[in-house]
Amino acid sequence: MKYEMLQYKVIGLNRKIYVPGKGEKTMLHEISFKSFNERDEVQGWIYVPACEPKGIIQLIHGFGEHSRRYFHMIVAFMDAGFIVAADDHVGHGKTAIVNNTWGDWGEKGAHTMMEDEHTLTELVKKMYPDLPYYLFGHSMGSFIARDYIAKYGNELKGVTLCGTCGELPSLPEAMAAVREAVDVGKGNESDPKFTGMLFGFMFSRIEEPVKLGNEWICHSPWVQKDHAEDPFDAFTKPTNNRSMLYFCEMMDCIQGTQWASKVPVDLPIYNIGGDLDPVGNWGEGVYQTTNWLAQTGHTVTTKLYSGYRHEIHNYDEIKDEVEKGIIDFFMGL
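All figures in this text were calculated on a predicted structure; none of them were measured in a lab.

### Quick look at the overall build of the protein chain
Phase 1: Counting its secondary structure elements, the protein chain contains 11 helices and 10 strands.
Phase 2: Oriented by its inertia axes, the alpha-carbon framework of the protein chain measures out at about 55 × 45 × 40 Å.
Phase 3: Per-residue burial over the protein chain gives 58% buried out of 333 residues.
Phase 4: Contacts in the protein chain between residues far apart in sequence, at least 24 positions, make up 72% of those at least 6 positions apart.
Phase 5: Put simply, the protein chain shows about 14,100 Å² of open surface, and 51% of that area lies on carbon and sulfur atoms.

In structure tokens, the structure reads:
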């Protein structure tokens, strides 16, 4: 297969990517683009089905992981006829490896990942114009998606929030403590006590012994093991204090009706999670987010999967159902 080199100019940045020659097809583009943090080159992928595409789904991964943990979902979306775009956030996955920046999001603030996702959107739309565009975000990816739709929601046809939260009870105290550390010059250090302050509550209803520190994601020991041993996974690597502060600040700006009122009222939203997911406060936080949106005039379809933890898309017995629900929602718009 022959390739031609095309150059795209997106938000004033020149990006070179390989695309198929005229009349040819490809299943994958590997891309990179300059991060909003003005330092890193974000690594991404565009998966293209061998059929006339129905639309584009941009997939946003969570804290400490990377986008290829969603390969089963990516294939399901492609089988349904969707192009899928995904990247690894700054400080995460291949982006962290290429830039040697594990756990370091740069110094440009809490909206860095959201702006990077919008850069990816613009790049993909230049390659594949005039297709309906959808967003899927899981966990921190759903927080990024919530930040995204408050600014760029009018560019989307629909969004799915998966494993999202309402008010994080530990946020105010943790944010104040980590801000104090950054303010006294410890932004580049990594203090594990801040992670404990933010996420320690998530083990409060785990019945099995905590050995890996990720048992809250899924009941399956195989999913836990895969997550813990993944060399592209930054979950067990330290995140510096400045980046933890950005995480807290991002969380703070996507709460309440003040956030929800910024989301376009006609944007269809599918909000899903497990009712044993501590991130979603065991279901209550998922409905809290839905209620913020409902109070500001939005229509939200909400579904909780009973008996399941955080990664509902990684349970063998329901992942096909979860993926079908997302596909059906997008195709019904």
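Right, picking up where we left off after that structure.
### Here we look at the nonpolar core
Phase 1: Counting 95 residues, the largest nonpolar core has Ile-46, Ile-149 and Phe-247 as its most contacted members.
Phase 2: The contacts of Ile-149, once residues within four sequence positions are left out, are Leu-135, Leu-156, Val-159, Trp-259, Lys-262, Val-263, Pro-264, Leu-267 and Ile-269.

### Structural notes on unusual backbone geometry
Phase 1: Although it is not a glycine, Asp-130 sits at a positive phi angle of roughly 65°.
Phase 2: Its identity as a non-glycine residue notwithstanding, Ser-139 has a phi of 55°, on the positive side.
Phase 3: Relative to the elements of secondary structure, Ser-139 occurs in the loop between strand 7 (133–138) and helix 4 (140–152).
Phase 4: Judged by relative accessible area, which is 9%, Ser-139 ranks as buried.

### Here's the deal with the packing of helix 4 against helix 8 (residues 241–252)
Phase 1: Between helix 4 and helix 8, the shortest axis-to-axis distance is 9 Å and the interhelical angle comes to 55°. As judged from the angle between their axes, helix 4 and helix 8 are oblique. Helix 8 is crossed by helix 4, and the crossing has left-handed handedness. The segment helix 4 lies against helix 8, with Met-140, Phe-143, Ile-144 and Asp-147 engaging Phe-247, Met-250 and Met-251.
Phase 2: Tallied by class, the residues present in the contact of helix 4 with helix 8 amount to six nonpolar, no polar and one charged.

### Focus on the sheet that holds strand 10 (residues 300–305)
Pairing between the strands of a sheet comes from backbone hydrogen bonds, and it takes one of two forms, parallel or antiparallel.
Phase 1: Read across the sheet, eight strands follow the order 3-4-6-5-7-8-9-10 without closing on themselves; strand pairing throughout is mixed. In this open sheet, the two edge strands, each paired with only one partner strand, are strand 3 (28–34) and strand 10. On average, adjacent strands in this sheet sit at an angle of 20° to one another, irrespective of strand direction.
Phase 2: Of the strand pairs in this sheet, strand 5 (residues 55–60) and strand 6 (residues 82–88) are connected by five bridges, and their pairing is parallel. Looking across to strand 6, one finds that Ile-56 is bridged to Ile-83.

### Examining the pattern of salt bridges
Phase 1: Here the structure, examined in full by the defined rule, presents 16 salt bridges.
Phase 2: Between Glu-207 and Arg-309 there is a salt bridge, with the nearest N and O atoms lying 3.1 Å from each other. Linking Glu-207 in the loop between helix 6 (192–199) and helix 7 (221–229) with Arg-309 in the loop between strand 10 and helix 11 (319–331), this pair joins segments that are 102 residues apart in sequence.
Phase 3: In this structure Glu-207 comes out as exposed when scored by relative accessible area, which is 60%.

### Description of the packing of aromatic side chains
Phase 1: Tallied over the full model, the rule gives 15 aromatic pairs.
Phase 2: Ring centres of Phe-201 and Trp-282 lie 6.4 Å apart, and the angle between their planes is 75°; this geometry places the pair in the edge-to-face category. Separated by 81 residues along the polypeptide, Phe-201 in the loop between helix 6 and helix 7 and Trp-282 in the loop between strand 9 (269–274) and helix 10 (284–295) bring together distant segments of the chain.
Phase 3: Classification of Trp-282 by relative accessible area gives buried; the value is 14%.
Phase 4: Connected via pairs of aromatic rings, a cluster forms that spans Phe-63, Trp-105, Phe-143, Phe-199 and Phe-247.
Phase 5: The ring of Trp-259 carries Arg-146 above its face, with NZ or CZ at 4.8 Å from the centroid.
Phase 6: The ring of Trp-102 carries the charged tip of Lys-237 above its face, separated from the ring centre by 4.4 Å.

### Side note on the side chain of Asp-87
Phase 1: Looking at the element boundaries, Asp-87 is found in strand 6.
Phase 2: It turns out Asp-87 is buried and unbridged, and the closest side chain with the opposite charge, Arg-68, is 8.7 Å from it.
Phase 3: The contacts of Asp-87, once residues within four sequence positions are left out, are Phe-33, Val-42, Gln-43, Gly-44, Trp-45, Leu-59, His-61, Ser-67, Asp-116, Glu-117 and Leu-120.

### Description of helix 1 (residues 71–79)
Phase 1: Of all the residues in helix 1, the buried ones are Met-73, Ile-74, Ala-76, Phe-77 and Met-78.
Phase 2: Turning to helix 1, the residues buried within the fold contact strand 4 (41–47), strand 5, strand 6, strand 7 and helix 11.
Phase 3: Trailing helix 1 by a residue or two, Gly-81 shows a phi angle of about 100°, which is positive.

### Describing the environment of Asp-230
Phase 1: Along the chain, Asp-230 turns up in the loop between helix 7 and helix 8.
Phase 2: The exposure class of Asp-230 is buried, given its relative accessible area of 14%.
Phase 3: It is 8.7 Å that separates the C-alpha atoms of Asp-230 and Glu-65, two residues lying 165 residues apart in sequence.
Phase 4: Apart from residues no more than four positions distant in its own chain, Asp-230 is found in contact with His-66 and Arg-69.

Thresholds applied
Residues numbered from 1 in each chain as written. Predicted model: local features only at pLDDT ≥ 70, side-chain atom pairs only at ≥ 80, totals over all residues. Heavy atoms only, no water. Helix = DSSP H or I, 4+ residues; strand = E, 2+ residues; numbered from the N terminus. Buried < 20%, exposed > 50% of the residue type's maximum accessible area, 1.4 Å probe, protein only. Contact = heavy atoms within 4.5 Å. Areas by Shrake-Rupley, 256 points an atom, 1.4 Å probe, with all protein chains shown as cover. Core = buried A, V, L, I, M, F, W, Y, C linked by side-chain atoms within 4.5 Å. Axes fitted to C-alpha atoms, helices over the stretch in contact; angles between N-to-C directions. Parallel < 35°, antiparallel > 145°, perpendicular 65-115°, else oblique. Left-handed = near helix turned anticlockwise from the far one by under 90°. Nonpolar A, V, L, I, M, F, W, Y, C, P; charged D, E, K, R; others polar. Pairing = 2+ DSSP bridges. Salt bridge = Lys/Arg side-chain N within 4 Å of Asp/Glu carboxyl O. Phe/Tyr/Trp six-rings, centres within 6.5 Å; stacked < 30°, edge-to-face > 60°. Lys NZ or Arg CZ within 6 Å of the ring centre and 35° of its normal. Lys, Arg positive; Asp, Glu negative; His and termini not counted.

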